[in-house]
Amino acid sequence: MTSAMKEITFESEICQYLAAHGWLYTPDDAGYDREMALFPEDVFGWLEESQPTEWAKLVRPDGSEEQHAKAKARILKALTGRLDQAMASGGGTLNVLRKGFQEVSARFETVQPQPTESLNPVLMARYRLNRLRVMRQVHYSKHRPARSIDLVLFCNGIPVATIELKTDFTQSVTRGMVQYAQSRLPTDPGSDGKEPLLTWGARAVVHFVVTNTEVAMTTKLDGA
């Protein structure tokens, strides 16, 4: 078995395990928006199901398809604007997950943490609506379309982790670390343009290299 085949098998096993334990699973990157570094379908699904009153303030039930499309575009603009804002000013992924975001008159939570006790049925119901998704072979780059990352983990449409997989006896954990340092950069050296998924604090908050026996991680990609 070649190294590529071993890696694909390893990748499949991880995804199948997560899918069997409540995760949503996308075998390719269909539906991923590399410009915004979001999975809009889950963003909208989570907001509509978990906060229908707030959702209806913008995506009015009696509105036309065009009005709905415009409202959804405004929601994504507000969300990405908050994610792209400096963390010191209340922006970034962690702040958005903790405090949500606002679009004009509607205020949205982006995740429901597990309640410390099960006495509140509303919170328990909302907690079960969280959408955790694993997506394979995500073509993340705005500037180099062929480049992809093995796995990306999402919470309600917001990417929180990236993973490069290596298999023992073929490629070491160090090889994956070099890959992140040299070709998984938050700013593309050829265009000087940002790669939203990899921008520190603004999307994925942690990056992993995973082998059969080892795991390495960083919260900030910064070249060497």
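The rules we used
- Residues numbered from 1 in each chain as written.
- Predicted model: local features only at pLDDT ≥ 70, side-chain atom pairs only at ≥ 80, totals over all residues.
- Heavy atoms only, no water.
- Helix = DSSP H or I, 4+ residues; strand = E, 2+ residues; numbered from the N terminus.
- Buried < 20%, exposed > 50% of the residue type's maximum accessible area, 1.4 Å probe, protein only.
- Polar contact = N/O pair within 3.5 Å; in protein donor to acceptor, adjacent residues only side chain to side chain.
- Expected span 1.5 Å × (residues − 1).
- Contact = heavy atoms within 4.5 Å.
- Arc of directions from axis to C-beta.
- Core = buried A, V, L, I, M, F, W, Y, C linked by side-chain atoms within 4.5 Å.
- Salt bridge = Lys/Arg side-chain N within 4 Å of Asp/Glu carboxyl O.
- Pairing = 2+ DSSP bridges.
- Axes fitted to C-alpha atoms, helices over the stretch in contact; angles between N-to-C directions.

## Remarks on the side chain of Ser-141
Link 1 in the chain: Turning to its location among the elements, Ser-141 is positioned in the loop between strand 4 (132-138) and strand 5 (149-155).
Link 2 in the chain: Under the relative-accessibility criterion, Ser-141 is labelled buried at 1%.
Link 3 in the chain: Reaching out from Ser-141, the side chain makes a polar contact with the backbone nitrogen of His-143 at a distance of 3.1 Å.
Link 4 in the chain: A polar atom in the side chain of Ser-141 sits 2.7 Å from the backbone nitrogen of Arg-144.

## Quick notes on helix 4 (residues 65-84)
Link 1 in the chain: For helix 4, which comprises 20 residues, the first-to-last C-alpha distance of 28 Å matches the rise-based estimate of 28 Å (1.5 Å per residue) to within 8%.
Link 2 in the chain: Listing the buried residues of helix 4 in full gives Ala-71, Ile-75, Leu-76, Ala-78, Leu-79, Thr-80 and Leu-83.
Link 3 in the chain: As for helix 4, its buried residues are in contact with helix 2 (40-50), helix 3 (52-58), helix 5 (93-99), strand 2 (101-103), strand 3 (106-108) and strand 6 (158-165).

## Details of helix 7 (residues 173-183)
Link 1 in the chain: Those residues of helix 7 lying buried are Val-173, Gly-176, Gln-179, Tyr-180 and Ser-183. One side of helix 7 carries all its buried residues, which in axial view fall inside an arc of 130°.
Link 2 in the chain: Buried residues along helix 7 sit against strand 5, strand 6, strand 7 (206-210) and strand 8 (215-218).

## Some details on the nonpolar core
Link 1 in the chain: Membership of the largest hydrophobic core comes to 23 residues, with the highest contact counts inside it found for Leu-38, Leu-47, Trp-55, Ile-75, Leu-79, Phe-101 and Phe-108.
Link 2 in the chain: Looking at this core, the elements that each hand over two or more residues are helix 2, helix 3, helix 4, helix 5 and strand 3.
Link 3 in the chain: Considering every element that reaches this core, the biggest residue donor is helix 4, with six residues.
Link 4 in the chain: With near-sequence residues (within four places) excluded, Phe-101 lies in contact with Leu-47, Ile-75, Ala-78, Leu-79, Arg-82, Ala-106, Arg-107, Phe-108 and Thr-110.
Link 5 in the chain: Listed in part, the 17 residues of the second largest apolar core include Ala-37, Tyr-140, Ile-149 and Ala-204.

## Observations concerning the pattern of salt bridges
Link 1 in the chain: For the structure on display, the rule yields 12 salt bridges.
Link 2 in the chain: We note a salt bridge from Glu-11 to Arg-136, for which the minimum N-O separation is 2.7 Å. One end of the pair, Glu-11, is in helix 1 (residues 3-20); the other, Arg-136, is in strand 4, with 125 residues separating them in the sequence.
Link 3 in the chain: What makes Glu-11 buried here is its relative accessible area of 3%.

## Observations regarding unusual backbone geometry
Link 1 in the chain: In this structure, Val-104 is a non-glycine residue whose phi angle is positive, near 55°.
Link 2 in the chain: Along the polypeptide, Val-104 turns up in the loop between strand 2 and strand 3.

## Here we look at the pairing of strand 4
Link 1 in the chain: Burial of strand 4 is extensive: five of the seven residues sit out of reach of the surface.
Link 2 in the chain: Here strand 1 (residues 24-26) runs beside strand 4; their pairing, made up of three bridges, is parallel. Each bridged residue has a counterpart across the sheet, and for Thr-26 the counterpart in strand 4 is Met-135.
Link 3 in the chain: Both strand 4 and strand 5 contribute to a ladder of six bridges, which runs antiparallel. When the bridges of strand 5 are listed, Leu-132 appears paired with Cys-155.

## What about the sheet that holds strand 5?
Link 1 in the chain: Ordered in space as 1-4-5-6-7-8, the six strands form an open sheet in which the pairing is mixed. In this open sheet, the two strands that pair with only one neighbour each are strand 1 and strand 8. Across the sheet, the mean angle separating the axes of adjacent strands is 20° when strand polarity is ignored.

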